[in-house]
Amino acid sequence: MSGAIDSAARLRRISACIREGLPIDPDDAVPFGEAIDAFFAGHAPTLDAALGLKAAGPGQADARRAWLISERDEALRELAGHVPADLGGADSEGIWELFEHLEAYAGHKWQEHRTAAVCPHPEGGKALAWTILRGNGGKAPTRRWLADFFST
């Protein structure tokens, strides 16, 4: 993982602990505390820079965007594992199945759940579709994009 994704993953784990009322793992708490201290000591210009969330440079994704893309890609691979058909070119049966599933979710449940901070579905195809759309700017990927994604 990249530094930005590692930092985002750490904050997501801390957030989950806080929501569930659980103690924060020291492996997450120590760097988090050090980053906050560095910010207040003036060693970092912004809190997002101190936490390692700022984009590495021009044209680079910040931690939030990098995390969303990473989650999207993982969800796409998992969803593809549930498709028994071939994931060849854009006209393959498997790509059509993925595309139609994502389009159906985008046209129905996504409208209701797009502003949710965490996935409103416990698991399954809807949870994967929510993660994919969130990481793709709210749009279902095209068949061509899906075919290209799975060809690499």
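Here's what I pulled together on the structure shown here. Nothing here was measured: the structure is a model prediction, and the numbers come from that model.

### Regarding the overall build of the protein
Argument step 1. Each helix and strand in the protein was counted, giving eight helices and zero strands.
Argument step 2. Secondary structure elements of the protein occur, N-terminal to C-terminal, as α-α-α-α-α-α-α-α.
Argument step 3. Here the C-alpha coordinates of the protein stretch approximately 55 × 35 × 25 Å along the principal axes.
Argument step 4. By the burial criterion, 34% of the 152 residues in the protein qualify as buried.
Argument step 5. Excluding contacts between residues fewer than 6 apart, the proportion of contacts in the protein whose partners are at least 24 apart in sequence is 53%.
Argument step 6. Only carbon and sulfur atoms are counted for the fraction: they give 54% of the accessible area of the protein, which is about 9,000 Å².

### Some words on the packing of helix α1 (residues 3-20) against helix α2 (residues 26-40)
Argument step 1. One can describe the packing of α1 onto α2 by two numbers: an axis separation of 10 Å at closest approach and a directional angle of 115°. Of the possible angle classes, the one that applies to α1 and α2 is roughly perpendicular. Between α1 and α2 lies a crossing whose hand is left-handed. Taken together, the residues of α2 that come into contact with α1 (itself represented by Arg10, Leu11, Arg13 and Ile14) are Asp27, Asp28, Pro31 and Phe32.
Argument step 2. Per-class residue counts for the contact of α1 with α2 are four nonpolar, no polar and four charged.

### Side note on the pattern of salt bridges
Argument step 1. Per the counting criterion, the structure on display carries five salt bridges.
Argument step 2. In this structure, Lys109 and Glu112 form a salt bridge, with 3.8 Å as the shortest nitrogen-oxygen distance. Of this pair, Lys109 and Glu112 are both found in helix α6 (residues 109-113), three residues apart, which corresponds to roughly one turn of the helix.
Argument step 3. By relative accessible area, Lys109 is classed as partly exposed at 22%.
Argument step 4. By relative accessible area, which is 54% here, Glu112 ends up exposed.

### Points about α2
Argument step 1. Over its 15 residues, α2 runs 21 Å from end to end, which matches the ideal 21 Å to within 8%, given 1.5 Å per residue.
Argument step 2. Between a side-chain oxygen at the N-terminus of α2 and the backbone nitrogen of Asp27 the separation is 2.7 Å; the capping residue is Asp25.
Argument step 3. Looking one or two residues past α2, Gly42 carries a phi angle of roughly 85°, positive in sign.

### Quick look at the nonpolar core
Argument step 1. Core analysis: the largest hydrophobic core is formed by 23 residues, its most contacted members being Leu102, Ile132 and Leu133.
Argument step 2. When contributions to this core are tallied by element, the ones reaching two or more residues are α4 (63-80), α5 (93-107), α7 (125-135) and α8 (143-151).
Argument step 3. Per-element tally for this core: the top contributor is α5, with six residues.
Argument step 4. The contacts of Ile132, once residues within four sequence positions are left out, are Arg72, Ala75, Leu76, Leu79, Leu102 and Pro141.
Argument step 5. With twelve residues, the next largest nonpolar core counts Ala4, Ala8, Ala9 and Ala35 among its residues.

### Some points on the side chain of His121
Argument step 1. Relative to the assigned elements, His121 resides in the loop between α6 and α7.
Argument step 2. Here Tyr105 takes part through its side chain, which lies 2.8 Å from a polar atom of the side chain of His121.
Argument step 3. Not counting residues within four places of it along the chain, the set of residues in contact with His121 comprises Tyr105, His113, Lys126, Ala127 and Trp130.

The rules behind each value
- Residues numbered from 1 in each chain as written.
- Predicted model: local features only at pLDDT ≥ 70, side-chain atom pairs only at ≥ 80, totals over all residues.
- Heavy atoms only, no water.
- Helix = DSSP H or I, 4+ residues; strand = E, 2+ residues; numbered from the N terminus.
- Buried < 20%, exposed > 50% of the residue type's maximum accessible area, 1.4 Å probe, protein only.
- Contact = heavy atoms within 4.5 Å.
- Areas by Shrake-Rupley, 256 points an atom, 1.4 Å probe, with all protein chains shown as cover.
- Axes fitted to C-alpha atoms, helices over the stretch in contact; angles between N-to-C directions.
- Parallel < 35°, antiparallel > 145°, perpendicular 65-115°, else oblique.
- Left-handed = near helix turned anticlockwise from the far one by under 90°.
- Nonpolar A, V, L, I, M, F, W, Y, C, P; charged D, E, K, R; others polar.
- Salt bridge = Lys/Arg side-chain N within 4 Å of Asp/Glu carboxyl O.
- Expected span 1.5 Å × (residues − 1).
- Polar contact = N/O pair within 3.5 Å; in protein donor to acceptor, adjacent residues only side chain to side chain.
- Core = buried A, V, L, I, M, F, W, Y, C linked by side-chain atoms within 4.5 Å.

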